[in-house]
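Structural overview
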Amino acid sequence: MIKKMRIKSISIILCFILLGAPGFAQSHRMSFHANLGISSPTEENIKSALESGFGFVFPFTKNMSIILDFGHWNSSVDKEPGKLWNGKLSVNPFFVSFQYSLIQGKTINPYIFLGSSFVFCNFEMGDNYSIPEVSISQKIKNGIGFHAGIGSLIKASDNFSFFAEVLYFYMKSEATTTINDMNFGISPEKFSLSLNAITLRLGIRYYI
């Protein structure tokens with residue numbers, strides 16, 4: 001009698017799991033995303049630029065997910081005393097974010113997110129006039145950044161969603177201007193650099 005009850009109970013549990021699995025899977029599916037946007041740095045001499053990125057979303061509860069995201073933008077820079085000179089600034093952050101969905105199961109699902117990133121930076125100097133005996137270069141130190149933002153998913157089908165989000169990126173870095181004078185030697189000068197930026201993104205998610 002007890003054995004029959006156990007078998008019956010196990011059968012009921014198995015049926016519940018099998019019937020409930022499709023719904024669970026739909027709300028807990030990993031996704032891949034790609035996006036384009038505009039990144040607008042807060043430093044006046046660093047110009048706005050096209051931003052692109054891609055990444056993966058790993059849900060671990062009904063409302064929370066971890067996002068691994070790669071971003072990239074190239075900004076033109078105008079010379080400013082004590083800061084960067086004329087040139088091209090390349091910013092490549094690797095984001096790790098925690099996303100919290102405010103609403104589930106609707107066509108439009110708003111969310112908030114925050115996290116940190118490791119940022120790879122590169123600066124290529126443009127045409128800067130100097131005497132032949134003097135060469136000038138600038139380098140930016142890679143480092144840690146932080147970010148937070150809001151966004152919204154718009155469901156298109158069971159496998160696709162569109163999204164729009166606004167992200168505030170915060171990073172303070174150290175840069176070095178190196179003057180190589182054939183007569184007086186090498187003179188490095190360090191300065192603080194803000195890479196803070198506001199980014200607007202539009203993209204698509206594909207659920208695996």
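**Quick word on the sheet that holds strand 11 (residues 197–207)**
Spatially, 1-2-3-4-5-7-8-11 is the arrangement adopted by the 8 strands of the closed barrel, whose pairing is antiparallel. Going from strand to strand, the sheet's axes swing by 25° on average, the running direction of each strand aside. Bridging between strand 1 (residues 31–41) and strand 2 (residues 49–59) involves 9 bridges; their strand directions are antiparallel. Bridging from a neighbouring strand, Leu36 pairs with Ser52 of strand 2.

**Comments concerning the packing of aromatic side chains**
This model, assessed by the stated rule, comprises 9 aromatic pairs. Aromatic side chains Phe54 and Phe70 sit 5.2 Å apart centroid to centroid with 25° between the ring planes, which places their arrangement in the stacked category. One end of the pair, Phe54, is in strand 2; the other, Phe70, is in strand 3 (residues 64–77), with 16 residues separating them in the sequence. Given the relative accessible area of 40%, Phe54 is considered partly exposed. With a centroid separation of 5.8 Å and 85° between ring planes, the pair formed by Trp73 and Phe169 is classed as edge-to-face. Residue Trp73 is located in strand 3, and its partner Phe169 is located in strand 8 (residues 160–170); the two are separated by 96 residues in the primary sequence.

**Let's talk about the side chain of Thr199**
With respect to the secondary-structure elements, Thr199 resides in strand 11. Residue classification places Thr199 among the buried residues on the basis of a relative accessible area of 2%. A distance of 3.4 Å separates a polar atom in the side chain of Thr199 from a polar atom in the side chain of Ser39.

**Side note on the environment of Phe98**
In this fold, Phe98 is placed in strand 4 (residues 87–101). When the C-alpha positions of Phe98 and Leu68 are compared, they lie 9.3 Å apart, and in sequence the two are 30 residues distant. Residues contacting Phe98, with those up to four places away along its chain left out, are Ser65, Ile66, Ile112, Phe113 and Leu114.

Parameters and conventions
- Residues numbered from 1 in each chain as written.
- Predicted model: local features only at pLDDT ≥ 70, side-chain atom pairs only at ≥ 80, totals over all residues.
- Heavy atoms only, no water.
- Pairing = 2+ DSSP bridges.
- Helix = DSSP H or I, 4+ residues; strand = E, 2+ residues; numbered from the N terminus.
- Axes fitted to C-alpha atoms, helices over the stretch in contact; angles between N-to-C directions.
- Phe/Tyr/Trp six-rings, centres within 6.5 Å; stacked < 30°, edge-to-face > 60°.
- Buried < 20%, exposed > 50% of the residue type's maximum accessible area, 1.4 Å probe, protein only.
- Polar contact = N/O pair within 3.5 Å; in protein donor to acceptor, adjacent residues only side chain to side chain.
- Contact = heavy atoms within 4.5 Å.

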